[in-house]
Amino acid sequence: MNRREYLSTPMFEGSIKIMLLGSGELGKEVAIEAQRLGLEVIAVDRYEWAPAMHVAHRRYVIDMLNPNALKAVVRKEKPDVIIPEIEAIAVDALEELESEGFYVVPNARAVKIAMNRIELRKFAAEVLGLPTTRYRFAENPDEAVEACEEVGIPCLIKPEMSSSGHGHAKVLDPSPKVIREAYEYAVSHARGRSRRVIVEEFVQLETEFTVLSYRYVADNGVVTETCEPVEHWRYGEYHYIESWQPSSKPMDILNKAREIGIRVANGLGGFGIFGVEIFLTKDGRVLFSEVAPRPHDTGMVTMVSQELSEFAIHVRAAIGLPVPKPKVISPGASLAIYVDKDGIWAPKVYGVYNALKIPGVDIRIFGKPFTYKGRRMAVLLARGSTVEEALEKVRNASKYTFVG
Ligand SMILES: Nc1ncnc2c1ncn2[C@@H]1O[C@H](COP(=O)(O)OP(=O)(O)O)[C@@H](O)[C@H]1O
Ligand SMILES: [Mg+2]
């Protein structure tokens, strides 16, 4: 990527086109930031009226796991920048497109490594030498039993490929029968047909961080930077519930987390933002967990807490614009709103009047056209004079809001 000296006019000759592969709530904010810079936005997803489609110039509904469908839409549109927003993409097609000269953010190899827990763990622990949970790989039930013995109980079996906690099986009991069942559960919930799993030591979490690292072109080469770490908590759920920034954890811990963030971004290379997930364990270890080479859901808080949100950073960095380190302008918090019912079409978010009466509270409605149980539909955001105050505001606001 070269420095970008000018921006352009969307929908006319010479427009700068970005194509989002995956058009969820994170893609929607990327699209909005791209629109602000006069880019031409093409939103792709597997269903009609996915969030980013509402703010795009054009949209395509395709199966993004189908390599031919993916190549057809890219070759037709010839985007200047391809921005993967989700993991479930035919990554071999991305590599092929990249070799034809298309520009994938941050690059096809990074997308490929990050979507695969086994490749990612090898890369992080064995190539980069980062601290991680103890782990073993297994590809059949017997190996899984052995792996659990070596890693120790309790442990977690995760399929090679999956997202949002799908197929994670916690093993609390060393009996081979239980482990074999957990293994079968994990592989049956995997994306794709792989029988491979990672068995990870189950750690007691003190807290979790997302270090938003980013790489951009500066005057004298590539710069890698990190945002102030975002802290988040899941209340035992796979999905994040609350995130906040800045963290009040000790500086040496935050510095270790940032260093991991930098090393991961540099290891994967390319330009754009990387959501680097890091555990702080109760016994004081700072461990790399996984990375999304794109904006991160817990980073939605940066829409209120930073000078430039993670979405603005991603777009700027991806297209060759500078990203001077954004300041935290206010302590902030986010609280995600999930729906607990399947199959509601054109759902409504109730309680917004009372929620928005609280000073400093804001909301983003994603516009997803239908629900399924556990789907994230909106996010509450708040600024406060402290993180505690911001958190209290989103929690109070969330007492009013529900999706129905
Ligand atoms: N080894 C582990 N020990 C304890 N908790 C874990 C472990 N691995 C994952 N978790 C918890 O589960 C969440 C989701 O796991 P993760 O590997 O990030 O999967 P996903 O791809 O679904 O985000 C983590 O954010 C953390 O809260
Ligand atoms: Mg994760």
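Residues numbered from 1 in each chain as written. Chains lettered and ligands numbered in written order. Predicted model: local features only at pLDDT ≥ 70, side-chain atom pairs only at ≥ 80, totals over all residues. Heavy atoms only, no water.

Peer 1: Is there a simple way to think about the side chain of T133 in this case?
Peer 2: Structurally, T133 is set in the loop between helix 5 (117-127) and strand 5 (135-138). A relative accessible area of 2% places T133 in the buried class. A polar contact of 3.0 Å, which involves the side chain of T133, links it to the side chain of R121. Here E200 takes part through its side chain, which lies 3.3 Å from a polar atom of the side chain of T133. Leave out the neighbours within four places in its chain, and T133 touches R121, E200, E201, V203, F279 and L287. (Helix = DSSP H or I, 4+ residues; strand = E, 2+ residues; numbered from the N terminus. Buried < 20%, exposed > 50% of the residue type's maximum accessible area, 1.4 Å probe, protein only. Polar contact = N/O pair within 3.5 Å; in protein donor to acceptor, adjacent residues only side chain to side chain. Contact = heavy atoms within 4.5 Å.)

Peer 1: Looking at this model, I keep getting lost on the coordination of the magnesium ion (ligand 2). Mind explaining?
Peer 2: Expected angles at a metal are 109.5 degrees for tetrahedral coordination by four donors and either 90 or 180 degrees for octahedral coordination by six donors. Binding of the magnesium ion (ligand 2) to the protein goes through E277 (OE), E277 (OE) and E290 (OE), at separations of 2.0 to 2.7 Å. Placement of E277 in strand 13 (residues 272-281) and of E290 in strand 14 (residues 286-292) is noted, with a sequence separation of 13 residues between them. Here E277 falls in the buried class, since its relative accessible area comes to 11%. E290 gets classed as partly exposed once you look at its relative accessible area, which sits at 23%. (Donors = N, O, S within 2.8 Å, 3.2 Å for Na, K, Ca; no water.)

Peer 1: I tried to follow the side chain of E160 on my own but got confused; where do I start?
Peer 2: Within the secondary structure, E160 is located in the loop between strand 6 (155-159) and strand 7 (169-171). A distance of 2.6 Å separates the side chain of E160 from the side chain of R196, its partner in a polar contact. Leave out the neighbours within four places in its chain, and E160 touches M115, N116, R117, I118, S194, R196 and V197.

Peer 1: Before we go on, may I ask you to explain unusual backbone geometry in this structure?
Peer 2: The general pattern is negative phi for most residues beyond glycine and trans for most peptide bonds. Here the bond from V105 into P106 is cis, since omega is -5°, no more than 30 degrees from zero. One can find P106 in the loop between helix 3 (91-99) and helix 4 (108-114). Following I153, the chain continues to P154 via a peptide bond in cis, the omega torsion being 0°. Along the chain, P154 turns up in the loop between helix 6 (141-151) and strand 6. Here K78, not a glycine, exhibits a phi torsion of approximately 45°, which is positive. When you line up the elements, K78 lands in the loop between helix 2 (67-77) and strand 4 (81-84). Positive phi values are uncommon outside glycine, yet S164 reaches one of about 50°.

Peer 1: Sorry if this is basic, but what is going on with helix 1 (residues 25-36) here?
Peer 2: For an α-helix the count is 3.6 residues per turn, leaving residues at separations of three or four pointing the same way. The end-to-end C-alpha distance of helix 1 is 17 Å, a good match for the 16 Å that twelve residues give at a rise of 1.5 Å each. The element helix 1 is extensively covered by neighbouring structure, given that nine of its twelve residues are classed as buried. Considered for burial, the residues of helix 1 that qualify are E25, L26, G27, K28, E29, V30, A31, E33 and A34. Following helix 1 by one or two positions, G38 adopts a phi angle in the positive range, close to 75°. (Expected span 1.5 Å × (residues − 1).)

Peer 1: Could you clarify how one ought to interpret empty space enclosed by the protein in this entry?
Peer 2: Which parts of space are left empty comes out when a probe the size of a water molecule is rolled across the atoms. As enumerated under the stated definition, the model contains one cavity of 30 Å³ or more in all. Approximately 40 Å³ is the volume attributed to the largest cavity. L20, L26, V30, I83, P84, E85, R294, P295 and H314 together form the lining of the largest cavity. Listing elements by their share of the lining of the largest cavity, those giving two or more residues are helix 1 and strand 4. Residues from two domains meet in the lining of the largest cavity; each of domain 1 (17-104) and domain 3 (205-403) gives at least three. (1 Å grid on protein atoms, 1.4 Å probe; cavity = no way out; pocket = protein on both sides within 12 Å on 5 of 7 lines; lining within 4 Å. Points joined across faces, edges and corners; volume = space filled by probe spheres on them. Domains from an automatic or database assignment.)

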